[in-house]
Amino acid sequence: MWFRRCPTTEQLDDFVAHPEVENPVAEHLPKCEECRAAVQSLLAEKHVLDDLRQATATDLNDARREQIVDICRDAARGTPKDAHA
Amino acid sequence: MSAQEALFPPTSLTMIDALADPSSPRWEQFARIYGPIVFTLARRAGLNEQESEEVVAAVMSGFAQRMRSEFQVDYSRGSFRSYLRTVTRNEIGNVRKRRRRAGAPLDGVDVPSDADDPVLHWSDVERRERLAECLRRLRHSGEISPRDFEAFEMFALRDMSAAEVAAELGIPAKRIYSIKHETIRRLQAINRQIENEFGEA
């Protein structure tokens, strides 16, 4: 398979998201500056998403984060930890 | 609070100065990023949940006292972050010493990699915590619909395919890609705002 026209944004997106999958986009890119620029932009987005996945994959869920914010607030104000109990 | 204010809380170069008042809303912005960083690094250093909470409390208490007294803001050198790193390292070290004296083993994850310097990976953790805060601000801003937000999480963070998300939420698959790009652009804009508040990670 090859592209008569440029791949769609979705096809470029899938290429960047799943580089391990064989994809005809790889053959198209050396011939197309515009698509290479688009892929660069998508790679920058992927970098953000990789960080975001790691940030959200910890054992710190929203509720736990709120508890930690409470601990910070209490500590800063000099409030004993169990004062709210 | 308007959606715009929720996304981009009004700030100025006096952000760090404002932390001298722990009742200031600035404290919450500060705590939402730096509290989880300290906690995460304490856990990675092998401390348990309770000990890690104690480290967070000690670091924040010390920081607040310092802010109320003589702390000088120096944005060019990121001095407040350097201070936090040092105090975090010391507090983790104190708990470890207590553990060793008591003969108790460390039980956190990734102990070997971070054992020598518990704050070695501060910058990486800070970059990720800032993004987690960006996500939280965006979710609560009302700037993006709950359905679109869910679509973003399913597609971009949970690795579901566009077809699966489209079928589950009743959104055209093509739209799923747009939601992802729009959401990332918004997150990057919020992240720039956080950089204005606290400097670069």
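Since this is a predicted model, take the numbers as computed values, not measurements. (Residues numbered from 1 in each chain as written. Chains lettered and ligands numbered in written order. Predicted model: local features only at pLDDT ≥ 70, side-chain atom pairs only at ≥ 80, totals over all residues. Heavy atoms only, no water.)

The subject of this paragraph is the overall build of chain A. Summing up its helical and strand segments, chain A has 4 helices and 0 strands in all. Going residue by residue from the N terminus, the α and β elements of chain A occur as α-α-α-α. In chain A, which comprises 85 residues, the proportion classed as buried is 36%. Accessible area of chain A: about 5500 Å², with a carbon and sulfur share of 53%. (Helix = DSSP H or I, 4+ residues; strand = E, 2+ residues; numbered from the N terminus. Buried < 20%, exposed > 50% of the residue type's maximum accessible area, 1.4 Å probe, protein only. Areas by Shrake-Rupley, 256 points an atom, 1.4 Å probe, with all protein chains shown as cover.)

Next up on the list: the packing of helix 1 (residues 9-17) of chain A against helix 3 (residues 33-56) of chain A. Residue and element names in this part refer to chain A. In the contact formed by helix 1 and helix 3, the axes pass within 10 Å of each other and the chain directions differ by 50 degrees. Put simply, helix 1 runs oblique to helix 3. As for the relative orientation of helix 1 and helix 3, their crossing is right-handed in sense. Taken together, the residues of helix 3 that come into contact with helix 1 (itself represented by Leu12, Asp13, Phe15, Val16 and Ala17) are Cys35, Ala38, Val39, Leu42, Leu43 and Lys46. When the residues that make up the contact of helix 1 with helix 3 are grouped by side-chain class, the tally is 9 nonpolar, no polar and 2 charged. (Axes fitted to C-alpha atoms, helices over the stretch in contact; angles between N-to-C directions. Parallel < 35°, antiparallel > 145°, perpendicular 65-115°, else oblique. Left-handed = near helix turned anticlockwise from the far one by under 90°. Contact = heavy atoms within 4.5 Å. Nonpolar A, V, L, I, M, F, W, Y, C, P; charged D, E, K, R; others polar.)

What follows is about the packing of aromatic side chains. All names here are of chain B. Evaluation of the coordinates by the stated rule reveals 7 aromatic pairs over all chains. Both rings, one in tryptophan 27 and one in phenylalanine 30, keep their centres 5.2 Å apart while their planes meet at 85 degrees; by these two values the pair is edge-to-face. With tryptophan 27 and phenylalanine 30 both in helix 2 (residues 25-44), this residue pair falls 3 residues apart, about one helical turn. One aromatic cluster is present, formed by Trp27, Phe30, Tyr34, Phe63, Tyr83 and Trp122 through successive ring pairs. (Phe/Tyr/Trp six-rings, centres within 6.5 Å; stacked < 30°, edge-to-face > 60°.)

Counting residues at the interface gives 37 residues for chain B and 29 residues for chain A. Interface area, chain B with chain A, both sides summed: about 3200 Å², of which 58% is carbon and sulfur. The largest share of the area that chain B buries against chain A comes from Glu53, Arg128 and Tyr177 of chain B, three residues that together contribute 18% of it. Salt-bridge contacts for arginine 32 of chain B lead to glutamate 66 of chain A; the nearest nitrogen and oxygen are separated by 2.8 Å. Seen at the junction of chain B and chain A, the total is 15 residue pairs in polar contact (both at pLDDT 80 or more). It is helix 2 of chain B that contributes the most residues to the side of chain B that touches chain A, 9 residues altogether. (Buried area = accessible area lost by both parts, 1.4 Å probe. Salt bridge = Lys/Arg side-chain N within 4 Å of Asp/Glu carboxyl O. Polar contact = N/O pair within 3.5 Å; in protein donor to acceptor, adjacent residues only side chain to side chain.)

The subject of this paragraph is the confidence of the model for chain B. Residue and element names in this part refer to chain B. Taken as a whole, chain B shows an average pLDDT of 83; of its residues, 80% reach a score of 70 or greater. Within chain B, helix 5 (residues 111-114) has the poorest average pLDDT of any element, 46, and helix 8 (residues 162-169) the best, 96. Under a pLDDT of 50 for its full length, residues 7-13 has, in the predicted model, 18 contacts with residues more than four places off or in other chains. Within the model, the stretch residues 108-114 combines pLDDT values under 50 with 12 contacts to residues more than four positions away or in other chains. (pLDDT = per-residue confidence, 0-100.)

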